[in-house]
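In case you want the letters, here they are:
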Amino acid sequence: MAISKLTPRKLLLESQRSGKSVLRKAFCRSQGLSLSLLLACSAGVFLLCFMFVDVRTFYDHVGNTKVHNFILQRETLGTTILSSHESEAVAESRVTPRTEVNIELDGVEDTSDAEADAATEEATQDPLGAASMIPTDGGVESGINTDSTEPELISKQTGSEPDPQSEDVPATGGKDRRSLAGCDIYHGQWVYDEAYPLYRSRNCPFVDTGFRCEDNGRPDQDFMKYRWQPHDCDLPRFDPRAMLERLRNQRVVFVGDSLGRNQWESMLCMLSEAVQNKSRIYEVNGQSIGKTIGELIYKFQDYNCTVEYYRDPFLVPQLRPPPGLPKNVTSVLRPDQVSWSAGKWHGANIMVFNSGHWWSWEKIGRPGGRFYVRNKLTNHSNEEAFKLGLKTWALWMEHNLNPATSQVFFRSFASVHFRGGAWNRGGHCHEETHPLTDEEVEKEQGIPWTNKHIVAAINDNIKEKRGVVEFMDVTTATNYRADGHAGFYGRDVKIYGLPPKNRQDCSHFCLPGVPDTWNELLYAALLARGQGVWGEPIRY
């Protein structure tokens, strides 16, 4: 047997060195394993994040398919979207920061008489009533006199789900309201949506006969199924119950012509969807809705709020001619005085005004009306008198409006769509069943001169109260909606038959329909502004 020559001490040292080597190797192996595990975990987390982002993007895309609305051109395979057309002139007409300009009322000079103003004539010619000297409410005439081709075919993309984020806005406010505040809600596109309409005329007792197109026999229904989609945000889904809660103990006032009544009736229907017992919504004076009624006040009893309409197409007084004027003067319009309805504006919490359609030769000059300023007849043109009347209105707001309790909106010109001629020269719209394309709007829809004067009147004359007075642009969106008018169906064709082709209403809109969008824009603007109860969460 061989005997080791190592001493005990050397044996001990050798074993220690051997042990360290083993430990070092074990440590290296454990470090390599840990590094491998770390790299594997990192790769897994990265893959999970990538999958989450990709899946979220996919679902966001699927959830937003409703914003894509394609137009199938007859002779091409290309697609386009019904987006708003905004020229430089339109952009200039939008509200800009106020300017330090102050036009004194006494500085307005007389101008020469204007020729017939075809841009804003009414769709029906109603003579002035001798008793009240306030004209019977009619339609409006378009200044567009074009012989155009048949409308292009439009295909629909349907089946998309409602946007849950937009549904939360009315009840929550907060973050959603702040994002809405930075959005231009007036420029966007029309989107076909199966979730519309918001109500049906057969279920709403507040729509007069002239706007009940479906009940009157209109066969197509797509005109009720379009909603407005702004380019850079979503409109909050209209919540009638949330709005009524915010309107508790308040007054909402609409002042203007028959297009104002169109919007007012729409608001009544939209709000009434939250009230099961419609008998608890009633006109306080027992009046029935009609186009010759000058004052209508509907009360929502459960909320102690009123939604009111005052028929005032000029927003300035139209009176019997004073003694001493020529016999051919049948009435005088006073653009330097505030209208009779101003007595009803005090104390209203939300006010919506419109005017412009009646400032025409057909409604003023032809029946024998003249302008009367500072107790004398003047030679103002319709446009100059309109500007003066708006200044009178704006100065009243500056001097009388209480910004702590009231909010004011002046709605822009509501587009009319007579093809092939004016309202009294064979104009028609019965063939329209889908919104117009961008190209058609560019070609056929001019820029109303009324809009720029409304903006100027607000910016130039309202300074201290400017924060609660807003120009509400509905012209941009409504330009596309040639399909939304009553057309043949302003009366029950099952009883009376179709009217003559040249007696169509291409100015007022069917309900449900386009005016519902005007009220959705109003609702969004109130939430975006966030004044008072509009900036607070709703608790049912």
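Residues numbered from 1 in each chain as written. Predicted model: local features only at pLDDT ≥ 70, side-chain atom pairs only at ≥ 80, totals over all residues. Heavy atoms only, no water.

Would you mind going over the overall build of the protein chain in detail, with residue names and values included?
Along the backbone of the protein chain there are 13 helices and 15 strands. The buried share of the protein chain, reckoned over its 540 residues, is 52%. Taking contacts inside the protein chain between residues at least 6 apart in sequence as the whole, the part at least 24 apart equals 80%. When the accessible surface of the protein chain is summed, it comes to about 25000 Å², and 54% of that surface belongs to carbon and sulfur atoms. (Helix = DSSP H or I, 4+ residues; strand = E, 2+ residues; numbered from the N terminus. Buried < 20%, exposed > 50% of the residue type's maximum accessible area, 1.4 Å probe, protein only. Contact = heavy atoms within 4.5 Å. Areas by Shrake-Rupley, 256 points an atom, 1.4 Å probe, with all protein chains shown as cover.)

Lay out the sheet that holds strand β6 (residues 305–311) with the relevant residues and their values.
Read across the open sheet, the seven strands follow the order β4-β5-β6-β3-β9-β12-β13; overall the sheet is mixed. The sheet is open, and its two borders are formed by β4 (281–283) and β13 (469–472), each paired with just one other strand. The sheet shows a mean angle of 15° between the axes of neighbouring strands, direction not considered. In terms of strand pairing, strand β5 (residues 295–300) meets β6 through six bridges, oriented antiparallel. Its bridge partner lying in β6, K299 is registered against T306. Its contacts with the sheet put helix α6 (residues 258–272) on β3 (251–256), β4, β5, β6, β9 (350–353), β12 (407–411) and β13, and the angle it makes with β6 is roughly 165°. (Pairing = 2+ DSSP bridges. Axes fitted to C-alpha atoms, helices over the stretch in contact; angles between N-to-C directions.)

Describe the packing of aromatic side chains, naming the residues involved and giving the relevant values.
Inspection of every chain in the model, using the stated rule, returns 20 aromatic pairs. Measuring from ring centre to ring centre gives 6.2 Å for W359 and F371, while their planes differ by 15°; the resulting arrangement is stacked. Placement of W359 in the loop between β9 and α7 (361–365) and of F371 in strand β10 (residues 369–373) is noted, with a sequence separation of twelve residues between them. Residue W359 is classed as buried on the basis of its relative accessible area of 1%. Summarising the aromatic geometry, the rings of Y523 and W534 are spaced 6.0 Å apart at their centres and angled 80° between planes, so their arrangement reads as edge-to-face. On the criterion of sequence distance, the pair formed by Y523 in helix α13 (residues 514–529) and W534 in the segment after α13 is long-range, its members being eleven residues apart. The pair Y523 / W534 is uniform in exposure class, with both members buried. One aromatic cluster in this structure is built from F314, W358, W359, F371, F386 and W449. R218 extends its terminal NZ or CZ atom over the ring of F223, reaching a point 3.9 Å from the ring centre. The residue whose ring lies beneath R411 is W518, and the NZ or CZ to ring-centre distance is 4.5 Å. (Phe/Tyr/Trp six-rings, centres within 6.5 Å; stacked < 30°, edge-to-face > 60°. Lys NZ or Arg CZ within 6 Å of the ring centre and 35° of its normal.)

Describe the pattern of salt bridges, with residues and values.
A complete count under the given rule lists 21 salt bridges for this structure. Two residues, D215 and R212, come together in a salt bridge whose shortest N-O distance is 3.0 Å. Taking relative accessible area as the criterion, R212 reaches 15% and is therefore assigned buried. Residue R481 pairs with D483 through a salt bridge whose shortest N-O separation is 2.9 Å. (Salt bridge = Lys/Arg side-chain N within 4 Å of Asp/Glu carboxyl O.)

Summarise the environment of P403; cite the residues concerned and give the values.
Within the secondary structure, P403 sits in the loop between α8 (382–400) and β12. Sequence-wise, P403 and Q531 are 128 residues apart; in three dimensions their C-alpha atoms are separated by 9.6 Å. Those residues in contact with P403 that lie beyond four places of it in its chain are K465, V468 and Q531.

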